[in-house]
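Residues per chain are reported as follows:
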Amino acid sequence: MKFDLKADFPLSGSAVSIKKEIDEFFSDYDKNVLNRGPSQKRAKITWSLCGEDLYKLHIVSGSNNRAHNHLPRIKKAWNIKIGKKYHVSGGKGTKIEKYKIEFELEKESLKEITIPFAEVKLKGKQATIILKDVTEEFLRRNYIDRMINLVREKVENQYYEGKGEFWKPIWQSPEKKPMWSKDPTEEMIKLGWIKQGPTKGKWFYRPQAVAILKAMEEIAIKEVLKPLGFQEIIASHVVPFDIWLKTGHLEGMPGEFYYVAEPVTRDVEKWQRFIDLMKITKDVSFDELNKNLSTPQAGICYAQCPVIYWSFKGKTIAEKSLPVLVYDNTANSCRYESGGRHGIERVDEFHRIEPIYIGTREQLLDIRGKLLERYQHVFNDILDIEWRMAWVTPWYMKQAGKIGDTIKQDTGTIDFEAYMPYRGSRRDSEWLEFQNLSILGDKYIKAFNIKAQKSELWSGCSGIGLERWASAFLAQKGLDPNKWPPRFKKHLKELPEGIEFL
Ligand code: SER
Ligand code: ZN
């Protein structure tokens with residue numbers, strides 16, 4: 001690694017009469033600070049006076065002694081040694097004219113990349129980034145290291161582009177003969193059980209469909225969560241950016257959020273023109289609306305767990321409360337699915353119960369085992385569906401925009417997938433991911449600074465998507481309640497009559 005920095009170091013007065021002292025100051029800094037210790041720690045500075053009150057500095061360093069870290073140090077030393085004595089302060093408004101950083105990549109880059117704030121040149125395993133006209137503030141904020149990391153990450157990702165996702169089977173149920181092979185969404189629309197919602201990817205569920213979703217909900221709560229001791233909490237649906245910054249969602253999924261904009265004011269006078277325009281045109285004036293809306297600083301729930309972790313932020317959990325087992329069953333999740341939408345299976349707004357668990361590694365492995373047991377009981381004995389489990393790329397990697405990682409020891413995500421007969425053969429069609437279960441290690445525990453009295457904490461979560469459960473079930477079992485498995489019918493004795501339209 002090589003850091004090559006050219007900076008302007010302005011003075012508050014003329015250097016002419018004290019040039020000798022200044023030369024001494026810099027050569028002293030060069031000898032005693034920069035040029036010391038093992039070779040990889042050494043750096044070199046050269047300086048030249050430009051006019052009367054500006055020094056041009058050139059610092060070249062290796063990886064362990066980054067050139068830019070010396071600017072504030074030089075400024076400090078200057079003001080002690082020169083500033084006080086000769087009343088010429090230095091370094092106020094230091095500007096970096098050019099900063100060239102060269103470093104080695106793990107693998108050769110496959111194509112060019114770009115990053116903000118700098119020009120990037122890649123040649124084989126060699127990367128060079130060149131910054132121009134940078135402020136001190138910029139350097140202080142640790143942007144440089146993050147820019148280097150971003151270059152590394154982008155080159156690393158080039159190796160995963162176009163590769164299939166990680167998928168490793170764990171278990172598969174026996175084949176089960178489907179009752180039919182139709183797309184349940186289409187058929188439910190025909191029967192009037194559901195209606196396409198007023199905006200993209202949303203659905204309006206009529207009584208019959210609601211009864212099915214509610215049966216799924218009851219099964220999840222009574223057969224899985226309550227027997228294991230999960231307690232219900234209610235999380236907010238609106239997630240401020242600082243939470244997603246901590247979980248990584250904001251950098252991973254910015255194109256998938258539904259953003260929430262607050263009004264700038266509720267002062268009626270400020271809204272008067274908007275109202276008046278609407279009264280005359282019977283339409284929404286977006287120009288006028290924009291004047292009264294603030295830029296979004298939050299989004300609608302994407303997964304429930306981030307806000308649940310936030311609720312534990314900075315807390316020390318008593319040993320006797322471990323493992324913490326809680327679930328949210330109220331926050332709707334919204335994801336801008338765009339091209340991927342299909343029926344009630346892949347939607348922009350969905351209903352999910354999300355249990356999360358916090359405890360020691362052993363406690364979490366235990367709870368994972370117990371959840372798996374209860375889920376197997378539900379899918380085998382109650383819904384009686386054909387399904388399988390596989391290790392997949394952990395959702396927290398995917399949702400943080402990371403690729404290529406797989407299972408690490410005990411952490412990772414298991415997907416539950418169901419055969420969807422309407423999509424084709426078991427072998428060639430895509431199965432529906434109808435549920436997941438993850439252990440995340442200490443990722444969010446650290447991000448939200450959650451502690452226990454003694455134990456080291458881990459966390460995990462599991463997504464129980466009600467639309468997904470219903471889709472998997474109905475795709476295999478059809479819409480005729482008489483053909484539904486008897487143990488499911490215990491949770492849904494009779495379909496409501498619904499509403500008849502003429
Ligand atoms: N957080 C997990 C997910 O988003 C489970 O809900 O899939
Ligand atoms: Zn989660």
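Residues numbered from 1 in each chain as written. Chains lettered and ligands numbered in written order. Predicted model: local features only at pLDDT ≥ 70, side-chain atom pairs only at ≥ 80, totals over all residues. Heavy atoms only, no water.

Looking at where Gln 158 falls in the secondary structure, it is placed in helix 4 (residues 143–158). Discounting residues that sit within four places of it in the chain, Gln 158 has contacts with Ser 109, Leu 110, Lys 111, Glu 112 and Ile 113. (Helix = DSSP H or I, 4+ residues; strand = E, 2+ residues; numbered from the N terminus. Contact = heavy atoms within 4.5 Å.)

Note on the zinc ion (ligand 2): its protein donors are Cys 305 (SG), Glu 354 (OE) and Cys 461 (SG). The metal-donor distances range over 1.8 to 2.3 Å. Each of the 4 donor atoms bound to the zinc ion (ligand 2) contributes to angles spanning 97 to 123°, and the resulting shape is tetrahedral. Donor residues for the zinc ion (ligand 2), ordered by position in the chain, follow C-x48-E-x106-C. Highlighted residues: Cys 305 in helix 11 (residues 305–311) and Glu 354 in strand 17 (residues 349–359), separated in sequence by 49 residues. Note on accessibility: Cys 305 and Glu 354 belong to one class, buried. (Donors = N, O, S within 2.8 Å, 3.2 Å for Na, K, Ca; no water. Tetrahedral: all angles 85-135°; square planar, octahedral: opposite > 155°, others 65-115°. Buried < 20%, exposed > 50% of the residue type's maximum accessible area, 1.4 Å probe, protein only.)

Near ligand 1 the following residues occur: Ala 303, Cys 305, Arg 335, Arg 352, Glu 354, Trp 395, Gln 399, Asn 436, Cys 461 and Gly 463. Between ligand 1 and Arg 335, the relevant distance is 3.2 Å, taken from an oxygen atom to a side-chain nitrogen or oxygen of the residue. Expressed as a share of its isolated accessible area of 230 Å², the protein-covered part of ligand 1 is 96%. Structurally, ligand 1 is housed in the largest pocket. Sorting the residues of the shell around ligand 1 by element identifies strand 17 and strand 22 (458–465) as the ones contributing at least two each. Classifying every residue of the shell around ligand 1 by side-chain character gives 4 nonpolar, 3 polar and 3 charged. (Near = heavy atom within 4 Å. Polar contact = N/O pair within 3.5 Å; in protein donor to acceptor, adjacent residues only side chain to side chain. Areas by Shrake-Rupley, 256 points an atom, 1.4 Å probe, with all protein chains shown as cover. 1 Å grid on protein atoms, 1.4 Å probe; cavity = no way out; pocket = protein on both sides within 12 Å on 5 of 7 lines; lining within 4 Å. Sits in = over half its atoms within 2 Å of the grid points. Nonpolar A, V, L, I, M, F, W, Y, C, P; charged D, E, K, R; others polar.)

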